[in-house]
Amino acid sequence: MPIKVEHLTHTYMPGSPFASVALNDVSLTIEDGELIGLLGHTGSGKTTLVQHLNGLLKPTQGQIWVDDLEITQKGVSLIEVRRKVGLVFQYPEYQLFEETVAKDIAFGPKNIGLSTEEINQRVREAIQQVGLHYDDVAERSPFELSGGQMRRVAIAGVLAMRPKVLILDEPTAGLDPAGRRSILGMIRQLHEAGGMTVIMVSHNMDDISTLATRLVVMSKGRLVLTGTPREVFMQQELLQSIGLGIPQAAELAHALIAEGFDLPADLYTQEEVMQAILALAKKEAKPC
Amino acid sequence: MLRDITLGQYMPGSSPVHRLDPRTKILLTMVYIAMIFCVRSPIWYILPLLYLVLCVRLAGLTFQQLLKAIKPLRFLLILTFLLNLFFSSGTTIWFQWGILRISQEGVFTAIHFSMRLIFLVAGTSILTLTTSPIALCDGIEILLKPLNRLRFPSHELAMMMTIALRFIPTLIEEADKIMKAQMARGADFESGNLMKRAKAMVPLLVPLFVSAFRRAGDLAMAMEARCYHGGEGRTRLRVLRFGQLDLWATLITVGGLLLVIFTGVWFS
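Residues numbered from 1 in each chain as written. Chains lettered and ligands numbered in written order. Predicted model: local features only at pLDDT ≥ 70, side-chain atom pairs only at ≥ 80, totals over all residues. Heavy atoms only, no water.

1. What to know about the interface of chain A and chain B
Between chain A and chain B, the contact holds 26 residues from the first and 19 residues from the second. Taking both sides of the interface into account, the surface hidden between chain A and chain B amounts to around 2000 Å²; carbon and sulfur atoms contribute 64%. Between the two partners, chain A and chain B, sit one salt bridge. Where Arg185(B) meets Asp104(A), a salt bridge forms, and the shortest distance between an N and an O atom there is 3.1 Å. Secondary structure elements with two or more residues in the side of chain A that touches chain B: α2 (78-84), α3 (101-112) and α6 (147-159) of chain A. (Contact = heavy atoms within 4.5 Å. Buried area = accessible area lost by both parts, 1.4 Å probe. Salt bridge = Lys/Arg side-chain N within 4 Å of Asp/Glu carboxyl O. Helix = DSSP H or I, 4+ residues; strand = E, 2+ residues; numbered from the N terminus.)

2. Some details on the domain arrangement of chain A
Residues and elements named next belong to chain A. When the domains of chain A are assigned, the result is domain 1 (3-246) and domain 2 (247-288). Taken over C-alpha atoms, the centre of domain 1 sits 35 Å from the centre of domain 2. Opposite the nine residues of domain 1 that make contact, domain 2 presents ten residues. Across the domain 1 to domain 2 interface the summed buried area is about 980 Å²; carbon plus sulfur atoms make up 57%. Our enumeration of links across domain 1 and domain 2 arrives at five residue pairs in polar contact (both at pLDDT 80 or more). Elements that contribute at least two residues to the side of domain 1 that touches domain 2 include exactly α8 (205-211) and α9 (229-233). Residue composition of the side of domain 1 that touches domain 2, grouped by class: five nonpolar, two polar and two charged. (Domains from an automatic or database assignment. Polar contact = N/O pair within 3.5 Å; in protein donor to acceptor, adjacent residues only side chain to side chain. Nonpolar A, V, L, I, M, F, W, Y, C, P; charged D, E, K, R; others polar.)

3. Describing the environment of Ile111(B)
Residue and element names in this part refer to chain B. Take Ile111: it is sitting in helix α6 (residues 104-130). Residues Ile111 and Asn84 lie 27 residues apart in sequence; the distance between their C-alpha atoms is 8.5 Å. Discounting chain neighbours no more than four positions away, the residues touching Ile111 are Pro42 and Phe81.

4. Structural notes on the environment of Val123(A)
Residues and elements named next belong to chain A. Within the secondary structure, Val123 is located in helix α4 (residues 116-129). The exposure class of Val123 is buried, given its relative accessible area of 3%. When the C-alpha positions of Val123 and Pro2 are compared, they lie 27 Å apart, and in sequence the two are 121 residues distant. The contacts of Val123, once residues within four sequence positions are left out, are Ala102, Ile105, Ala106 and Tyr134. (Buried < 20%, exposed > 50% of the residue type's maximum accessible area, 1.4 Å probe, protein only.)

5. Overview of the side chain of Glu170(A)
Within the fold, Glu170(A) resides in the loop between β7 (165-169) and α7 (177-192). Residues within four places of Glu170(A) in sequence aside, it is in contact with Lys46(A), Gln90(A), Arg151(A), Val201(A), Ser202(A) and His203(A).

6. Describing the packing of aromatic side chains
Applying the stated criterion to the full structure yields seven aromatic pairs over all chains. Taking the centre distance of 5.0 Å and the plane angle of 85° together, the rings of Phe97(A) and Phe107(A) count as edge-to-face. Of the two residues, Phe97(A) is situated in the loop between β6 (85-88) and α3 and Phe107(A) in helix α3; the sequence distance between them amounts to ten residues. In this structure, Phe97(A) and Phe107(A) share a single accessibility class: buried. Their ring planes at 20° and their centres at 5.6 Å tell us that Phe262(B) and Trp266(B) sit as a pair that is stacked. Linking Phe262(B) with Trp266(B), this pair stays in helix α11 (residues 244-266), spanning four residues, or about one helical turn. Stacked on the ring of Tyr134(A), the Lys or Arg Arg124(A) has its end atom at 3.9 Å from the ring centre. Above the ring of Tyr94(A), the side-chain terminus of Arg214(B) is found at 4.1 Å from the ring centroid. (Phe/Tyr/Trp six-rings, centres within 6.5 Å; stacked < 30°, edge-to-face > 60°. Lys NZ or Arg CZ within 6 Å of the ring centre and 35° of its normal.)

Right under this line is the structure:
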């Protein structure tokens, strides 16, 4: 179920003195099973773009197709679109409202109009998908949980809709390293085992470099760069000029190259860089 | 959606009217209101009109902006006009049909009261159009200070107003975000009968209240961390001072009031 975006332009408050162009002629195709890392500086239009993909925002110009359905047309069932494309907002724990975790997760499936049995089944499954235990959390108030747990419950609330595409807006923002790792592990699991298409918005290069199969870079409402992480992280200067960086491992590798060490220029994961440095060290150590 | 709501109607600017001390503007607005109530006959609304034109010109505003402020009152205006027109008692009757009658005095009163309403709203909106909400709060705080002796919490009142104003845009943004997040989970805020719609607000209101309380707690903590302990002995960053501009504005406005009183006495 590919997503196709064509010439998408969005202007906030058009025709008023406060009008601002958030997206400018963006075209993009996302194939099934990809894990897209959507990168960009604050205000680059990432959030605006993903809010178009499930019909929360209407384009000022341009078309969007999800699964061959043009969702920008009039009269399209938005609930159908939102079933297919699940969107997890930034700091999703702030949208919890029900008395118990189970009820909160059931909110989405209930809105679709599923049977009680089906809903219960989905709630159980979603809790498990986010790495929590049903018996531990289901009957507790979401407001008693820790920050990381609340976020997982919120994500479960979207997963319970069984979307085919999952969009996460800065899923690791404000979490401690353990919380971050477990969220990232969960995303990897959903993508690899669940076969979900995932779009992850982030400006943390280290998070995204190990996960994404393809990166999409935005700046000032335009799409400036797209490619595999390896291709994208080669463009250090371009990334820095738009207020982004490259993963720390890649930065280290580039610094070593600048110092005259003989390393490949396209390394970006910690593992790769470590292996390259070790290989270099062994080579240098031998002669004497 | 909610983003399109603009708060208040303040139009930033640096005109002489903008630069007036907010206290002056509040007090002179009261003088202006007195002026309106002293007008005895519709013809003499010419004087407040001249005064309004002067203010609007000096403030760099347009009459469209004033009309926009009057617009929400149009039904009230029409009602006032019609009630006065048909139900005033008068001796010179021009037209009668059942209990409805139009008399010369009725027409006179209808015009008089409608004008009064229009001028009141137009004049007071010049105050809110040219004074930022924060400056307005500052002005009100100082003007209410004498009431402290009667244990009236003027500082607390002003602080509450300032904080409320400060957080309205934040909460609107937050509400917009939560609404979208719930819509992404299939929530429907727009259809159904009243009961259904009210129920649909729960997923919006609960998180909004939770976050408002959290913010309030954080803010209180941040204020205490900076040693806030109420208005006692507190100095200000921007000290309000009366200047020459305030003197001129007062002279013109009070002059206008006297002129209106004079016309009322002289021509009646």
